[in-house]
Amino acid sequence: MATAALLTACGQNKGASSSKQVMKTAVTGEISTLDSSKYGDTISSETLQNSMEGLYRFDKKGQARLAGAVKVTKSKDQKVYTFTLRKNAKWSNGDPVTAQDYVIAWRRTVDPKNDSLDSDSYQVIKNGTDIVAGKKKVSSLGIKALGKYKLQVTLENPIQYLPDLLTGAQFYPQDTKIVKKYGSSYGTSSSKLVYNGPFTVSQWTGSNLKWTLKKNKTYWNAKSVSLSAVKVQVIKTTSTGLNLYKGGQLDYAPVDSDYVKQYEKNADYHTKTTPTNGYMVFNLKRKTTGNVHVRRAISLGVNKQELVKTVLHSGKAAQGFVASDFIYDENGKDYRTSAGKLMTYNLKQAQKEWALAKKQLGKSKITIELLTSDMDASKRVGEYLQSNLMENLPGLTVKLRSIPLKSRLADTSKHNFDMVYGTWQPSFQDPIDYLTIGGLFNLESDYKNSTFWKEINQAKSTYATQPAKRQASLIAAEKQLIQKDAFAAPLYQAGVSYLLKSKVTGFRLSPYGTVAYYWDVKIK
């Protein structure tokens with residue numbers, strides 16, 4: 001790689017410090033878009049979180065701190081937040097970052113015309129739900145520019161996790177002038193947007209598998225950023241990434257599946273369990289997967305412990321859709337403990353549900369397609385699910401279809417699947433994130449259970465300031481969604497493992513999953 005030559009030259013010329021501060025890294029999938037109103041995948045999110053900045057950003061301790069704003073005040077009813085924006089924040093083209101840039105971005109995200117995969121995040125903002133459903137005008141969203149550097153945000157109900165939520169890429173501003181210039185092509189390549197974060201993105205054409213994060217000289221806190229560049233390439237097979245790492249062509253490489261055992265004693269090896277979900281979602285619009293007994297049989301029929309032990313080698317089997325060891329009540333008790341174990345592996349019960357499914361469908365043999373991305377790790381999980389379910393549920397044939405992530409996301413949104421496997425990382429520490437967003441494709445449009453939505457609405461409004469009652473409603477909602485109706489099948493709580501060169505300092509992963517943060521990295 002050209003970067004290797006630069007680093008060699010750096011060793012010969014100690015004065016070339018900027019050349020030394022180049023990190024070479026691998027990701028497991030491609031960018032789908034750099035439009036923060038339309039992304040729906042981890043790689044796009046990671047790229048955006050390193051090149052953009054919203055009202056808040058996570059600090060080194062994983063706490064949400066003001067970033068694009070310097071001050072915030074709240075109304076007495078805790079529904080109206082007024083932010084004073086940072087006057088020295090600029091876009092990479094020199095434009096100032098203004099309150100209107102937040103207004104246009106947020107409105108684009110909730111506009112039904114844009115089919116945003118993250119519009120559900122706006123349920124907490126006044127009128128967000130009705131706008132996404134096409135019931136109210138986009139202009140009625142609870143966001144208003146009170147001046148060039150003054151922004152007002154109005155919530156539907158008081159929430160405690162707003163700072164964490166607003167760190168997410170779906171709440172970033174967009175340069176109003178650039179959005180108007182590029183229209184529907186905004187964010188489709190690295191040159192068709194501008195950046196207000198620690199880095200800019202270059203050399204991404206919209207479909208290629210290599211790009212570069214370059215230090216953003218116009219970033220208000222550029223002096224705190226040591227790296228001059230991050231060279232990123234997509235490595236879909238773990239073995240290829242590890243070979244590049246061993247050859248000195250990568251400073252960071254993800255490790256998964258069987259390779260965990262091989263490298264777990266290596267000094268460069270790091271691992272942790274995250275609150276990220278591995279799961280399947282079913283298409284309720286199709287006759288077979290629209291049958292609740294089919295969904296229950298599949299949810300109960302996967303040997304999740306074996307999946308973790310023999311395929312993933314990190315993380316742990318899911319006990320429900322909301323992660324364990326992540327969300328705690330006012331008494332310090334884990335939500336997952338209070339909610340109990342939902343849809344864990346139970347072969348006897350799975351086969352009972354399967355018999356009911358075949359009877360109702362009038363079939364002795366059933367074929368179901370499982371959609372996954374074509375990333376190595378995803379295909380491995382898909383192959384396990386295929387084998388395990390066909391062994392456990394007599395008469396079931398599972399056909400695998402593995403396609404590029406961008407296509408998988410598009411097919412899921414268009415209902416072009418029977419069941420789909422994916423992973424999802426939360427944006428804030430609250431069960432409602434899992435139960436109303438959570439990678440639950442087409443939840444709003446397809447899932448009409450009144451009990452579920454009643455419990456969710458009570459948690460959002462009636463019990464918003466009553467923690468015990470609110471949690472009881474969320475537990476009831478999770479049981480309805482996952483245990484009774486099996487809208488989705490929780491599989492595992494992901495572990496993240498990677499190799500990192502010892503010369504790299506300040507590298508962090510997001511508090512909620514696998515997104516890498518580069519803005520504090522320095523090469524020794």
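Remember, it's a predicted structure, so these values are computed and weren't measured experimentally. (Residues numbered from 1 in each chain as written. Predicted model: local features only at pLDDT ≥ 70, side-chain atom pairs only at ≥ 80, totals over all residues. Heavy atoms only, no water.)

This brings us to unusual backbone geometry. Most peptide bonds take the trans form, and the phi angle of most residues other than glycine is negative. Positive phi is not limited to glycine here, since Met-343 has a value of about 60°. With respect to the element layout, Met-343 can be found in the loop between helix H12 (335–339) and helix H13 (347–361). Not every positive phi belongs to a glycine, and Asn-442 is a case in point at roughly 65°. Locating Asn-442 in the fold gives a position in the loop between helix H16 (431–436) and helix H17 (443–446). (Helix = DSSP H or I, 4+ residues; strand = E, 2+ residues; numbered from the N terminus.)

A few words now on the pattern of salt bridges. A side chain of one charge can pair with a side chain of the opposite charge if their charged atoms are brought near each other. Under the counting rule described, the total for this entry stands at 18 salt bridges. Put simply, Arg-57 and Glu-53 hold a salt bridge, and the shortest N to O gap is 2.8 Å. For the pair formed by Arg-57 and Glu-53, the shared burial category is buried. Arg-380 serves as the salt-bridge partner of Asp-376, at 3.5 Å between the closest nitrogen and oxygen. With Asp-376 and Arg-380 both in helix H14 (residues 376–392) and four residues apart, this pair spans about one turn of that helix. In this structure Arg-380 comes out as partly exposed when scored by relative accessible area, which is 22%. Taken together, the salt bridges that share partners define one network made up of Glu-30, Lys-236 and Asp-374. (Salt bridge = Lys/Arg side-chain N within 4 Å of Asp/Glu carboxyl O. Buried < 20%, exposed > 50% of the residue type's maximum accessible area, 1.4 Å probe, protein only.)

Right, let's get into the sheet that holds strand S5 (residues 80–85). Spatially, S4-S5-S7-S6 is the arrangement adopted by the four strands of the open sheet, whose pairing is antiparallel. Whereas interior strands pair on both sides, the edge strands pair on one side only; in this sheet they are strand S4 (69–74) and strand S6 (143–147). Adjacent strand axes in the sheet meet at a mean angle of 25°, parallel and antiparallel pairs treated alike. Here helix H4 (residues 99–110) sits on the sheet and contacts S5, S6 and strand S7 (150–154); the angle it forms with S6, its principal contact strand, is near 165°. (Pairing = 2+ DSSP bridges. Axes fitted to C-alpha atoms, helices over the stretch in contact; angles between N-to-C directions. Contact = heavy atoms within 4.5 Å.)

Another point: the side chain of Glu-30. Looking at the element boundaries, Glu-30 is found in the loop between strand S1 (22–27) and helix H3 (42–51). A polar contact is formed between the side chain of Glu-30 and the backbone nitrogen of Leu-405, at a distance of 3.5 Å. In contact with Glu-30, other than residues within four places in its own chain, are Asp-41, Ile-43, Leu-209, Trp-211, Val-234, Lys-236, Pro-404, Leu-405 and Lys-406. (Polar contact = N/O pair within 3.5 Å; in protein donor to acceptor, adjacent residues only side chain to side chain.)

So, about helix H19 (residues 467–484). The first and last C-alpha atoms of H19 sit 24 Å apart over 18 residues, in line with the 26 Å expected at 1.5 Å per residue. Within H19, burial applies to Arg-470, Gln-471, Ser-473, Leu-474, Ile-475, Ala-477, Glu-478, Gln-480, Leu-481 and Ile-482. Of the surrounding secondary structure, the elements contacted by the buried residues of H19 are H12, H16, H17, helix H18 (450–460) and strand S17 (488–500). The positive-phi residue at the C-terminal boundary of H19 is Ala-486, with phi of around 45°. (Expected span 1.5 Å × (residues − 1).)

On to the nonpolar core. Judged by nonpolar contacts, the single largest core of 147 residues is most densely connected at Trp-106, Phe-507 and Tyr-518. Excluding anything up to four places from it in sequence, Trp-106 contacts Leu-55, Tyr-122, Ile-125, Leu-141, Ile-143, Val-153, Leu-166, Phe-171 and Tyr-172. (Core = buried A, V, L, I, M, F, W, Y, C linked by side-chain atoms within 4.5 Å.)

With that out of the way, let us pick up the packing of aromatic side chains. All chains considered together, the criterion is met by 20 aromatic pairs. Their ring planes at 80° and their centres at 6.4 Å tell us that Phe-326 and Tyr-434 sit as a pair that is edge-to-face. Here Tyr-434 lies in helix H16 and Phe-326 lies in the loop between strand S13 (316–317) and H12, a separation of 108 residues in the sequence. By relative accessible area, Phe-326 is classed as buried at 8%. One aromatic cluster in this structure is built from Phe-58, Phe-326, Trp-424, Tyr-434 and Tyr-512. We note Arg-57 situated over the ring of Trp-519; from NZ or CZ to the ring centre the distance is 4.2 Å. (Phe/Tyr/Trp six-rings, centres within 6.5 Å; stacked < 30°, edge-to-face > 60°. Lys NZ or Arg CZ within 6 Å of the ring centre and 35° of its normal.)

Attention shifts here to the side chain of Glu-53. Residue placement: Glu-53 occurs in the loop between H3 and strand S2 (56–58). Within the structure, Glu-53 has its side chain in polar contact with the side chain of Arg-57 (distance 2.8 Å). Of note is the side chain of Glu-53, whose polar atom sits 2.7 Å from the side chain of Trp-220. Setting aside chain neighbours within four positions, we find Glu-53 in contact with Ala-67, Gly-68, Tyr-102, Tyr-172, Pro-173, Asn-196, Gly-197, Tyr-219 and Trp-220.

Once that is clear, we can look at the packing of H18 against H19. Direction vectors running N to C along H18 and H19 enclose 155°, while the axes themselves pass 8 Å from each other. Judged on the interaxial angle alone, H19 and H18 are roughly antiparallel. Regarding H18 and H19, the two cross each other, and that crossing is left-handed. Residues Thr-451, Phe-452, Glu-455, Ile-456, Gln-458 and Ala-459 of H18 lie in contact with H19, whose contacting residues are Arg-470, Ser-473, Leu-474, Ala-476, Ala-477, Gln-480 and Leu-481. When its residues are assigned to classes, the contact of H18 with H19 shows seven nonpolar, four polar and two charged. (Parallel < 35°, antiparallel > 145°, perpendicular 65-115°, else oblique. Left-handed = near helix turned anticlockwise from the far one by under 90°. Nonpolar A, V, L, I, M, F, W, Y, C, P; charged D, E, K, R; others polar.)

Turning our attention to the pairing of strand S9 (residues 210–215). Alignment of strand S8 (residues 199–202) against S9, held across four bridges, turns out to be antiparallel. Counterpart to Ser-202 in the pairing with S9 is Thr-212. By the bridge criterion, five bridges tie S9 to strand S10 (residues 229–234) in an arrangement that is antiparallel. Along S10, the bridge assignment pairs Trp-211 with Val-232.

In short, shape yes, function no, at least from these values alone.
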